[in-house]
Structure formats: structure tokens, C-alpha cells
Amino acid sequence: MSEFFQNEDLKQMLESSKDSAKLDAMKRIVGMIAKGKNASELFPAVVKNVASKNIEIKKLVYVYLMRYAEEQQDLALLSISTFQRALKDPNQLIRASALRVLSSIRVPIIVPIMMLAIKEASSDLSPYVRKNAAHAIQKLYSLDPEQKEMLIEVIEKLLKDRSTLVAGSVVMAFEEVCPDRIDLIHKNYRKLCNLLVDVEEWGQVVIIHMLTRYARTQFVSPWKHDEAVEEYNENNFYESDEEQKEKDQKSKNTYTMDPDHRLLLRNTKPLLQSRNSAVVMAVAQLYWHVAPKSEAGIVSKSLVRLLRSNREVQYIVLQNMATMSIQRKGMFEPYLKSFYVRSTDPTMIKTLKLEILTNLANEANISTLLREFQTYVKSQDKQFAAATIQAIGRCATNITEVTDTCLNGLVCLLSNRDEIVVAESVVVIKKLLQTQPAHHGEIIKHMAKLLDNITVPVARASILWLIGEYCERVPKIAPDVLRKAAKSFTNEDDLVKLQILNLGAKLYLTNSKQTKLLTQYVLNLGKYDQSYDIRDRTRFIRQLIVPNEKSGALSKYAKKIFLVQKPAPLLESPFKDRDHFQLGTLTHTLNSRATGYLELSDWPEVAPDPSVRNVEAAESAKEWTGILGKTKKEKAAEKFYSDSEEEEDESASTSASESESGSESEEEDKEEDSSGESSGNSSSSEELSDTESDSKESTAKKTSKAADESDSEDIKIKAKGISKKRSTSSSSGTESTSSEESSSDSKSGSDSENDSESGKSRNVTSKKEEKPVQDRKAPNKKDVFLLDLDDFCPVTTPVAVPTAPVLSPSLTADLEGLNLLSSSVIDVTTQVPVPTKRHELLHRMSGKGLAAHYHFSRQPGLFGDHMIPVQVTVTNTTDQKIENIHIGEKKLLPGMRMLEFNPIEYLEPAGSITVSMGIDFCDSTQTASFELCTKDDHFNVNIQPPVGELLLPVTMSEKDFKKEQGMLTGMNETSTTIAVTPQNSTRLVIIERVVKAANLGVVPSGQDNIHRFAAKTVHSGSLMLVTVELKESSTAQLIINTEKTVIGSVLLRELKPVLSQG
């Protein structure tokens, strides 16, 4: 009743002569709609105000009409003339709203009016109105599909629109109305690629999905290149020189990526940093379906980032990652720990993470994963625990080296108190035993003993099936199991009853003396069972195994039928067959074709004519006039791409040129870097050089270069005692970065300036190096100033290895005017030898008798700069001589290097030898993977450095330590409080424990309660300062100051338990 009076009140307000009352009423009505209340009764009163001259009232009336026009069609039709007049309104919002209301009135009689309105709106001066015209196209098409041809004309017109506001909406209309008309996209392809970054987020998703389908129809497969390389490597022994030359020429011409294909990949790559999960997922699926396999890996880091989102996003992303990880394990192997299950994860997320971990399992990481799985089995989430046991079973079948280990672990689980865990273990053991039953008679006996305690029907049925299948291997136990089963036959589940009948039949055929009466008893029980399945099976078995006059010819073959060798079951991923669906779609998520799903076509054998994407000269001139402010003289088709892009297209199979790799790494760093201004400037300047195509840009470039050179002169004047010999490109690259830094922050400017000084001093000392090498390495100097997340994450693009600075940039800022080469403030020192932990490189079982261990010897300079010395001890545990032990193929991440040991000619039985090798880990804890080979075998092994071994100890005074520490505060400082027992708080104990855990140098301290340690990273030479300050009440504060914040946080995490343990 109150609602009735309220509505009456609103009606009176709407009929008022005052605009303020009408506006107040409309606000209240829209508020009701927003809360989900029904306001349809007010339609007649609201529609009267559609012609109001007050713009605010008119806007709210249109909002109301959009909601209820479909329900109250008759009344809405009365206002058609008003909507038509509103389409000519000077206010763009009114024009757009009128079109939206008109397209919401779903009455076939007004289709011609809607069609006319859409055509007029598509030519409107306002991009907002044109956007609404694109939305109206889809509504009209669903109302009257016969209008398709006329709507396609409007879509074609709107596709030529240069506004980013319209692009996403018109592509959505294209996908809805005519997704097969690829010819409409040809002329607009390049424009859509270039506008993509500026389109609103949901428009980006639609455009990327459309361009994925377009690329699959217009370009040849970039994946054929890999196959051609493999084919080329298989040389014929008898090939002549001419044939070899022909083959060389053929391999060179095997595949060249289309420039438009490269344009699509290059313009979508920045969107991997989008805040919208759907955009990142869309780019990931595009790279998966369209990019060369060598480049698809760049999406993995962005997808892992999405795992921090809410559970719904995680679920979709993990499903797609599960499909990817089956075909290309290498993409996600570096991020293995990101898929470890958290206790707070819901079951659906846990199961998907487990699926991915299982897909990524290999000989190198299986031991780590099995330890992780042991924890998961103890989970309170029983469904997840059961899934973990299935995962262990899959690992056991896929990796033969751990089959026995997994089987033994599952047998141990049989004594678990939880029935579900036991039941799942039995089922998995049954599948594993089918692969090699001859060796596992003891396990079958053990499972027979458990039959009395297990109550889960599936597990009981599995045990009975195993005993029946291998009854000849356990001849004494099988009859007794049948006797016990016959006792409880009437109380068993139908699944178990069927297996009891099968067991009886098999024993009757193999051991009829002992089991004939028991089998007949079981068959009689089955004959009168309530389930018709059991009765039917009983009759069938009786006729088959018990011969009589009515028995047919089949009874002769009863033994062959029952005891035939069954094929072992294949334990496969449930995501194995999903890869034929497009990633990121509803169809892929459901694993079933959804309505409206558009199939991805196969790559064409021969690429269609690329000239169809060329835009006429007049159009291109207009486009460039809008962007650059002058007419383009050259033909657009010839100078559409810059020289650098053409060079890149010639080597299309590689991910990027060396000049781009710097900007790519900066873009990745920018994602987490709070002081990202220099990164943005440098990457934008590189984009400018990429798109450079006329004299105006080249003039601008010359001007900026002159400015950079003048800056460099100022910096050179400031630097004292430094040689001025430096290549022009190198100095301009480095010093332009320093000038950008100084504009944003004076401190960072001085750092960069002095870093350029240190760079010059290095040029003086290493004159033997060639200038091209210097030119290539110099631009990478700017990486020093950024928070380099590649310390911890793998580098996805090739990066030239920079020369390590002897002094850190922060220290050189305070040493201006001194000769850096003779400075002895901070020196690398050789630490007192401390026994470091030995790590297993190759287990004797995996290595067929060859065992290997490694440890970090902490001997600086043994293999030159950047190299960390590793001592490998190789042992022959066999009774045969092992020959030619050497390092084979190296699978190192970009930037890593390895100096291998000299091949060992032979190793006597029970012999052992220690060799040394050097590895440059690039200040990263990522593993160095390689093959340890003998004359006959190859074994994949990994060396992973603890973070403490990535350091070189340095000596410095307490004063210098405090000065450096004062410069490395804020983001460069991490600290934690730890509990320390009195006996562990003495100076000797603390020094011993810290130095053993990390390769740090001891700094003299004037205070008894403060202990200081210093080191620098081996690769980049960044300072690492560690302070342990003892507090009252048995606590201590551990502080780490370093530019390498990722390494600092990992070191903090490793030192904390070392100092706090009893």
C-alpha cells in the first residue's frame, strides 16, 4: 500500500509544472531501478516528459525508457516522433540516448525507422553517437536478420572510422553480424593494429580475438620454420657440395614472417601489462595461436601475474595454462613455485594447480614435486587429497625413473586412517601394477591383507580385480580372499559383487580343486540377488565356465576370455584434447562447443595476396597529416614500416632485435618499478624511432641528439681524471638516460652520471675490446638504475651482458674527482674457507651408476669476471669403466654463460674425481640446465645457486659501510626481527652462521651488539650490506640494504632461519 502511495506521489511530481520537482522525481525513479525495484507503473507519467526542454530531465527519462521500452512497447511507440526529433538534437548525449531507446523498442514495424536512424548516426560528427550506432546494429540484426546486407554497409563505413571510441564497438558488431566477411578487415587491418593500444579495454578484447582469426586465414604458419630446421639438420651423408648449397639456400628461404604478422605481434605485446585480466588473456591466446613457438613464452610471466587476482579469474587463467603446459612445458617451468597450492585456495583452484604441476613434472624437478605432493596428501580437503594421489600415479607412469618410488609411497598410504586416501591409493596402485605386474607380487599380498579393513566399494573392487587378474602369482592367498568375500557377499555393494563373481570365475578356471564349491556358492548367491545386473552376470558366467550339454562353443575359450592380458590404462591429463578449441573462450572452459563459437581455421599453405591490406595513397596521406601535421610524400605502402622494422621482419623468427631488447626489459621492469620515469622515456623514444618514416621526425631526432650531446659535454667536464675516448652512440645512449634521470631526481642523476664515468674508465682499461662491442653493451647501462626483477625471474629476451662495474654507482657518486682505478675503499677479498653444503647433481640410480655432486668453492677470479666457480665431484659406482665424461647440450636462460670442465677420458670402477667449472648466473637463482654425458648416455642435470653464492665478499671500513647504507634506504632496504637464544648471540657464532649461509665479508664494528657484513653481486657488482643488530629480550634485527631488492629479500628469507635456529 505504501508503494502505491509512493508511486502516486511520484506521478504528481512528474506532472508538476516545476522542472526541479520533475528532476527530483526522475532521480528517485532511476534510484528505484538501480535497487532492482519495479517502476514500470510509472511508464505513462515518465514518457510524457520525453519532450522536456530540460537536458538533465531528458537524460534521466531516456535512461528509464531504455530499461522499460521493451516491456511497454505500445506506449513507447507513441513517442517515436519525439525520439526522431531528438536524433537531431545539438547535444550529443541526447542524440545517442535517443538512438539507444529507439533500438530498444523491439517491434518489427519500426525497423525501417531504426535503419534510417543508424545510417544517419554512423555519419554523426560525435564519435560517441557513432559508437552507439555500432551498438544499435547488433540489436537491429537480432530483431530482423533480413537487414543484414544494409547493416554490413554501415559496418564497412564504421570500420573506416579513425576514432578509438568506435573501433571496439564496430568490431563487436562485425563479429555478431558478419564474422565471415574477412574482406572488410583487409584495408582496416593496419589501422586496427595501431589503434589497439588506445582502445577501451573491452574493445581491445574483441579486436584481439577477431585479429587472431584474421591472422590464421591471411598468414602462413610460423611453426613450420621449426620443422624445416629439424629437417635441414638431418643431412644426407652422400650429398654433393652443390646439393648442400641448394639446401642451404632453401633453408634461408624457408620462412620469412609477413610484416603485417609482425605488426600484430608487436602492437599487442604492450597489452600484456594491462590491468584488465581479459585483455592479458586475449593477448596470451593470440600469441599461443599465432606467434612463432620461440616467442610464445613471453606471455607466461603475465599469466602468472594474473594468479594474484580473485578466484574466478584464477580459475579461467589456470584452465588455459593447463592446456598450454601439456604442449609446451618450458613456458611455465621457471615459475614452478607459483603453482604451489595455498591452504586458502578453493578446491577448484587447488585441482587446477595440481594439474599444471603434474604436466610440468620432469626428471629434474620430480623430487621437489613429490615432496610437495606428500604435503598435499595430508590436506583436510579430501577431494584434493584424492586428486593428489592420482597426480602421483600420473607422474609415476610418465617418468619411469620414479615409478618404484611412487609405488612405494602409495603403498605406505594404504595404512592411512582416512578411507578416501586409502581407496584412491588402491585404485592408482591397481593402474600402476598393470604396467609391470611381474615385479610386484608382494604388493598384491599386502593389499589382500588390507581387504578386511577397507570399506570403500571402489577400493575393495580394485583389490579383488587385482587378485583375480594375477591369481596365478598368489595361488595360496587368492582362494582365501574368495572365501572371505563369499561370507560378506550379500552385504557388499553391486560394484564389489561383480568383482567377487569375476574372481570366482577366474579361480574356477585356474584352481578348480580348491575353489569349485566356493564359486558355485557365490554363483547361487548371485542368482537370487536383487540387482538384475548381478543376476545377469551370474547366468552368463555359469554358462561360460561350467560345461554342460547346453554350453556353446564359447565355453572352450573361457580361460582365454577371462584371463586375457589387459592393456595397461593410460593416465592422461583431462586437458589433453582441449587444445583444438581457441583458448580464452567459453567453449574451451566448458570443453564443449558453445553457441556462437567461431572455429579457428588452419594456416593456409600459401599466403593470400598481402597487397589487399595496402591503403590508397590519398587515405594514407590524410592519416599521416592528422598524426604528423604534414602531407606524406612517399607512397604509404612503401614506407609504412621503418627501416628498423624491415630489418626485424627479415629475421622474423627471432623475438626482437638487440636494440629492442633493452626497451622490452625496461617495460617489464616498469611494471613493478616505482621510479619508472626513465623507463617510460627510453621506451617511448625507441617507439619513436620505430615509427619514424618522414623528414620531420628525423629532424626532431637530430635536435634531441644535439641536446644529448650537449648534456654529455657538461657531464664530461664534471668528470675528473677520466679519458675522453668514447664512441658517440655509446655516450649519447648512456648520457641521455642520465639526463632524463636528473630531471626527475637529482640523486639518481648523480648516480647515472658517475656510472657513465665508471663506464669511461672501463673503456680506458680495456682498450683491447673492439668498438662495436662497446657500442652494443653501452645502452644496457641504464638497467642499473631500475629495480631489476630479472634478478629473480628469467629474462625472456636476449640481453647483451654488460661489463660489471668495479664500484657501485651509489659509491662512485661520493668519489668524484678520485682516480677510480686506484681506489681501495672497497676491495674484493678472499673469505676464510668455510665448508659449503654439497648438493646432488646426479643420483647413481638415475645416472646408471654414475653419481655426481657439486658445491660452490668460493674462489673469486678462478674463471674471470662474473663467473661463479663450482666444483663437481664425479663418482663411478659401477664395476665397469665409464669413458668420456663431458658436458653436452647446455639449456641456459638468455644471458647465462658456462665454462665447462675438460672432458674426463675415463673413470675406473669405484673411482672419483673432482673438476671445476664456472657459471655466470646473471645474479639470478634460476637453474643452469645442461647434459652430463658419457660415451653411451646423456643425463639432464641442473645446478641451482643459493642466493648467498651469487655474492663476492668485500672489505670496507665502518665509516664507508654507514655512508653506503645511508644511500641505500627506502625501497632498497628490507628488515625483519628474529628471536635469538643467548648462546647464539655471541660474535663468533653469528659470524660463523652468516658467512656459512652467504659469501659475505666481515666489516669491523665498534659496537658489540652490531655485526656488519658486506659483499657485491658477482654479475653486476651491486653492493649487498647486511647488518645484525642484537636487541634486548633475546631478539635481533636483521637489515639488508641493496639495489637488487629481489636478491635482498631472498637473502633475508634465507638468513632468518639460520640465525634463529637453536
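Keep in mind that what you see is a predicted model, and the values were worked out from it rather than measured.

## Let's talk about the overall build of the chain
- A count of helices and strands for the chain gives 44 helices and 16 strands.
- Long-range pairs, those at least 24 residues apart, make up 67% of the contacts in the chain with a sequence separation of at least 6.
- By element, 51% of the accessible surface of the chain is carried by carbon and sulfur atoms, the whole surface being about 51100 Å².

## A closer look at the confidence of the model for the chain
- On average, residues of the chain carry a pLDDT of 76, and 75% of them reach 70 or more.
- The model gives residues 229–238 a pLDDT under 50, and that stretch makes nine contacts with residues more than four places away or in other chains.
- Here residues 618–824 is a poorly scored stretch, pLDDT under 50, and it has 265 contacts once near neighbours within four places are set aside; other chains count.

## Quick word on empty space enclosed by the protein
- Here the structure, examined in full by the defined rule, presents five cavities of 30 Å³ or more.
- Considered as a void within the structure, the second largest cavity measures approximately 90 Å³ in volume.
- Looking at the second largest cavity, it is lined by 14 residues, and the ones nearest its centre are R858, I868, P869, L951 and N999.
- Taken together, the residues that form the lining of the second largest cavity break down as eight nonpolar, four polar and two charged.

## Structural notes on the side chain of N359
- Relative to the helices and strands, N359 resides in helix α20 (residues 347–360).
- Judged by relative accessible area, which is 6%, N359 ranks as buried.
- Among the polar contacts listed, one links the side chain of N359 to the backbone oxygen of A322, at a separation of 3.3 Å.
- Polar contacts involving the side chain of N359 include one to the side chain of R394, which spans 2.8 Å.
- Not counting the four nearest positions on each side in its chain, N359 is found in contact with A322, S325, I326, K329, R394 and S573.

## A closer look at the pattern of salt bridges
- Evaluated as defined, the whole model comprises 32 salt bridges.
- Of the charged contacts in the structure, one is a salt bridge between R181 and D183, with a shortest N-O distance of 3.0 Å.
- If you follow the salt bridges from partner to partner, you end up with R190, D258, D260 and R613 in one network.

## Focus: the sheet that holds strand β6 (residues 897–899)
- Within the open sheet, the five strands sit side by side as β2-β3-β4-β8-β6. Their pairing is antiparallel. The open sheet has two edge strands, β2 (839–842) and β6, and neither has a second partner. Taken over all neighbouring pairs, the strand axes of this sheet differ in orientation by 30° on average, direction set aside.
- Direction of pairing for strand β4 (residues 868–876) relative to strand β8 (residues 912–920): antiparallel, over a ladder of eight bridges. Bridged to T875 within β8 is S912.

## A closer look at the sheet that holds strand β10 (residues 938–943)
- Overall, antiparallel pairing links the four strands, which are arranged β7-β5-β9-β10 in an open sheet. Every other strand in the sheet has two partners, leaving β7 (904–907) and β10 as the edge strands with one partner each. On average, adjacent strands in this sheet sit at an angle of 35° to one another, irrespective of strand direction.
- Here strand β9 (residues 928–933) runs beside β10; their pairing, made up of six bridges, is antiparallel. Of the residues in β10, the one forming a bridge with F930 is V941.

## Things to note about unusual backbone geometry
- The phi dihedral of N591 falls on the positive side, at around 60°, and the residue is not glycine.
- Structurally, the position occupied by N591 is in the loop between α32 (586–590) and α33 (617–628).
- In this structure N591 comes out as partly exposed when scored by relative accessible area, which is 34%.
- Even without being glycine, N884 reaches a positive phi, approximately 50°.
- With respect to the secondary-structure elements, N884 resides in strand β5 (residues 882–891).
- The exposure class of N884 is partly exposed, given its relative accessible area of 34%.

## Focus: helix α8 (residues 111–122)
- Helix length check: α8, at twelve residues, gives a terminal C-alpha distance of 16 Å against a target of 16 Å (1.5 Å per residue), a fit within 8%.
- Within α8, the full set of buried residues consists of V111, M114, M115, A117, I118, A121 and S122. Down the axis of α8, the buried set is contained in an arc of 165°. They therefore lie on one face. Across from the buried face of α8, at angles greater than 90 degrees, the exposed residues are P112 and L116.
- In this structure, the buried residues of α8 make contact with α7 (92–104), α9 (127–143) and α10 (148–159).

## Some points on the pairing of strand β11 (residues 951–955)
- The buried fraction of β11 is high, at four of five residues.
- Inspection of the sheet shows β11 paired to strand β14 (residues 1010–1017) by three bridges, in the antiparallel sense. Counted as the bridge partner of L952 is K1016 from β14.

## Focus: helix α22 (residues 382–398)
- With 17 residues, α22 extends 25 Å between its outermost C-alpha atoms, agreeing within 8% with the 24 Å of an ideal straight helix rising 1.5 Å per residue.
- The buried count for α22 comes to twelve of 17 residues, which makes it a mostly enclosed element.
- Taken together, the buried positions of α22 are F384, A385, A386, A387, T388, I389, A391, I392, G393, R394, C395 and A396.
- Buried residues along α22 sit in contact with α20, α21 (366–377), α23 (403–413) and α24 (419–435).

## Description of the nonpolar core
- Counting 197 residues, the largest nonpolar core has I29, Y64, L65, L303, M321, F339 and F373 as its most contacted members.
- Sorting elements by how many residues they give to this core places helix α17 (residues 277–290) first, with ten residues.
- Non-local contacts of L65, meaning those with residues more than four positions away in its chain, are made with F43, V47, V50, F83 and V101.

## Thoughts on the pairing of β10
- Judged by which residues are buried, β10 turns out to be one-sided: F939, V941 and I943 face inward and are buried, whereas H938, N940 and N942, on the alternate face, are not.
- Adjacent in sequence and paired antiparallel, β9 and β10 are bridged by four residues.

## Here we look at the packing of aromatic side chains
- With the rule as written, the count across this model stands at eleven aromatic pairs.
- For the ring pair F43 and Y64, a centre distance of 5.9 Å and an interplane angle of 45° mean the geometry is tilted. With a gap of 21 residues between them, F43 in helix α3 (residues 43–47) and Y64 in helix α4 (residues 55–68) connect regions that are remote in the sequence. Assigned by exposure class, F43 and Y64 land together as buried.
- Aromatic ring contacts, followed pair by pair, group F43, Y64 and Y68 into a single cluster.
- Stacked on the ring of W288, the Lys or Arg R328 has its end atom at 4.1 Å from the ring centre.
- The aromatic ring of W465 is capped on one face by K430, whose charged end is 5.0 Å from the ring centroid.

## Description of the packing of α17 against helix α19 (residues 311–327)
- At a minimum axis distance of 11 Å, the contact between α17 and α19 shows a crossing angle of 15°. Classed by the angle they form, the pair α17 and α19 counts as roughly parallel. Judged by the twist between their axes, the crossing of α17 over α19 is left-handed. Across the interface between the two elements, S277, M281, A284 and W288 of α17 pack against V313, V317, N320, M324 and Q327 of α19.

## What to know about the side chain of S126
- Within the fold, S126 resides in the loop between α8 and α9.
- Of note is the side chain of S126, whose polar atom sits 3.2 Å from the backbone nitrogen of Y128.
- Other than its neighbours up to four places away in sequence, S126 contacts Q92 and R95.

## A word on a nonpolar patch on the surface
- A grouping of L554, Y557 and I561 is seen on the molecular surface, where their side chains present a nonpolar patch of about 300 Å² in accessible area.
- Looking at the secondary structure, you find Y557 in the loop between α30 (532–545) and α31 (558–562).
- Among the residues examined, Y557 registers a relative accessible area of 45% and is labelled partly exposed.

Conventions and cut-offs
- Throughout this document, residue positions are counted from 1 along each chain, in the order its sequence is written.
- Local features in this predicted model are restricted to residues whose pLDDT is 70 or higher, and side-chain atom pairs enter the listing and the counts only when it is 80 or higher, whereas totals over whole chains, interfaces and linings include all residues.
- Hydrogens and water molecules were not included; the side-chain quantities draw on all heavy atoms of the structure.
- In DSSP terms, a helix is any run of H or I states spanning at least four residues, a strand is any run of E spanning at least two, and both are numbered starting from the N terminus.
- Here a residue-residue contact requires only that any non-hydrogen atoms of the pair lie within 4.5 Å.
- Here, Shrake-Rupley sampling with a 1.4 Å probe gives the accessible areas, and only protein chains in the shown set may cover a residue.
- The predictor reports its confidence for every residue as pLDDT, a score running from 0 up to 100.
- Of the two site types, the cavity is a set of points on a 1 Å grid over the protein atoms alone where a 1.4 Å probe fits but cannot get out, and the pocket is an open set with protein on both sides within 12 Å along at least five of seven lines, each lined by residues with an atom within 4 Å of a point.
- Grid points are joined across faces, edges and corners, and a volume is the space filled by probe spheres set on the points.
- Amino acid classes used here: Ala, Val, Leu, Ile, Met, Phe, Trp, Tyr, Cys and Pro are nonpolar; Asp, Glu, Lys and Arg are charged; the rest, including Gly, are polar.
- When accessible area is computed with a 1.4 Å probe and restricted to protein chains, residues below 20% of their type maximum are described as buried, those above 50% as exposed, and intermediate ones as partly exposed.
- Counting of polar contacts relies on pairs of N or O atoms within 3.5 Å, with two restrictions inside protein: one atom must be capable of donating a hydrogen and the other of accepting it, and residues adjacent in sequence are counted only when both atoms are side-chain atoms.
- Think of a salt bridge as a Lys or Arg side-chain nitrogen and an Asp or Glu carboxyl oxygen that are within 4 Å of each other.
- In this analysis, strands are considered paired if DSSP registers two or more bridges between them.
- Helix axes use the C-alpha atoms of the stretch in contact, all axes being lines fitted to C-alpha atoms, and the angles between their N-to-C directions lie in the range 0 to 180 degrees.
- Multiplying 1.5 Å by the residue count of a helix minus one yields the expected span of that helix.
- Directions are taken from the helix axis to each C-beta atom, and the arc is the one they span.
- We define a nonpolar core as any set of buried Ala, Val, Leu, Ile, Met, Phe, Trp, Tyr and Cys residues linked to one another through side-chain atoms lying within 4.5 Å.
- Note on aromatic pairs: the rings of Phe, Tyr and Trp (six-membered ring only in Trp) are paired at centre separations within 6.5 Å, and the planes decide the class, stacked below 30 degrees, edge-to-face beyond 60, tilted for the rest.
- When the NZ atom of lysine or the CZ atom of arginine is within 6 Å of a ring's centre and also within 35 degrees of its normal, the charge is said to sit over that ring.
- For this classification, under 35 degrees means roughly parallel, over 145 means roughly antiparallel, 65 to 115 means roughly perpendicular, and everything else is oblique.
- What makes a crossing left-handed is the near helix being turned counterclockwise from the far one by less than a right angle; a clockwise turn instead makes it right-handed.
- Like charges are joined within 9 Å and nonpolar side chains (Val, Leu, Ile, Met, Phe, Trp, Tyr) within 5 Å, but only among residues with over 30% relative accessible area and no salt bridge; these make up the patches.

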